[in-house]
Amino acid sequence: MSLNPASENPQSVFRAADIVLDSAYQGIDTKGRQSLFAKARSAKVEQFIADLFAGKHVNDSEDRPALHSALRNLDQKPVLVDGKDVMPAVADVWHRIEALCNKWVGVTDVIHIGIGGSDFGPRLAIEALAHVPDIESRGMRMHFLANIDTAELGRILQRALPHSTRVIIVSKSFTTLETTKNAKAVVRWLKDSGRTESQINSALFAVTAYVPAAKAFGLK
């Protein structure tokens with residue numbers, strides 16, 4: 001994507017990567033757009049984008065790359081991080097996720113526990129795809145538990161069926177207070193519903209960058 005405003009377009013419509021942006025109602029005139037693009041160039045936004053996709057360490061506070069783009073790199077072109085292609089590892093996770101989902105026969109409810117960035121993405125995907133025709137949901141209901149408010153928890157547990165529920169706990173560090181408290185409450189609900197320890201272990205899944213903390217929580 002090039003940072004060039006389509007100033008010749010009187011309708012203020014911009015197209016890139018199959019996305020259409022109509023800025024006609026934003027109150028930004030041609031001069032304002034040109035100023036914004038000039039600011040972006042002076043801030044080296046184009047170079048930052050290139051570095052992001054190239055796997056460079058763009059996260060200064062943690063001295064690490066931000067590999068969101070690699071997770072969406074469906075053609076699996078090499079993404080080098082410190083000289084090593086990370087795409088084989090990404091593809092392996094894709095295959096593991098697919099294999100796991102294919103095992104979820106008879107699952108009626110999925111409780112997704114996370115907050116902030118660990119909640120927004122999956123929630124957006126579910127809501128965006130909910131009305132797309134011919135998408136097979138297999139009858140599974142998705143529940144998002146982000147708020148530590150017990151009312152939200154109560155509404156979810158009232159609808160979910162404990163013996164056919166799967167729980168996804170999402171936390172980068174696995175130390176987020178709201179997430180761990182909600183996860184403990186859901187585990188307690190599973191126990192109170194008569195599920196055995198083995199059954200509970202089979203129902204819990206973690207998405208995290210710090211596996212030791214997830215294991216310390218009790219996930220196998």
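Because the structure is a prediction, the values reported are computed rather than measured.

A. Molecular detail of the nonpolar core. Counting 21 residues, the largest nonpolar core has I111, I113 and V186 as its most contacted members. Taken together, the elements giving at least two residues each to this core come down to β5 (109-113), α6 (150-159), β7 (165-170), α7 (177-192) and α9 (211-217). Of the residues forming this core, the biggest block, six residues, is contributed by α7. Counting residues in each nonpolar core, the second largest holds six residues, with A70, V79, V86 and M87 among its members.

B. Quick peek at the pattern of salt bridges. Counted under the stated rule, the structure contains seven salt bridges. Between E62 and K172 there is a salt bridge; the shortest N-O distance is 3.0 Å. Remark: K172 occurs in the loop between β7 and α7 and E62 occurs in the loop between α2 (45-53) and α3 (68-71); sequence separation between them is 110 residues. The exposure class assigned to E62 is partly exposed, which follows from its relative accessible area of 38%. The salt bridge partner of R96 is D92, with a shortest N-O separation of 3.7 Å. With R96 and D92 both in helix α4 (residues 87-102), this residue pair falls four residues apart, about one helical turn.

C. The arrangement of unusual backbone geometry in detail. Phi angles above zero are rare outside glycine, and D63 is one such case at about 50°. For D63, the location among the structural elements is in the loop between α2 and α3. At F174, a residue that is not glycine, the phi angle is positive and equals roughly 60°. Position of F174 among the secondary structure elements: in the loop between β7 and α7.

Parameters at a glance
- Residues numbered from 1 in each chain as written.
- Predicted model: local features only at pLDDT ≥ 70, side-chain atom pairs only at ≥ 80, totals over all residues.
- Heavy atoms only, no water.
- Core = buried A, V, L, I, M, F, W, Y, C linked by side-chain atoms within 4.5 Å.
- Buried < 20%, exposed > 50% of the residue type's maximum accessible area, 1.4 Å probe, protein only.
- Helix = DSSP H or I, 4+ residues; strand = E, 2+ residues; numbered from the N terminus.
- Salt bridge = Lys/Arg side-chain N within 4 Å of Asp/Glu carboxyl O.

Any functional reading would require information that these geometric values do not contain.
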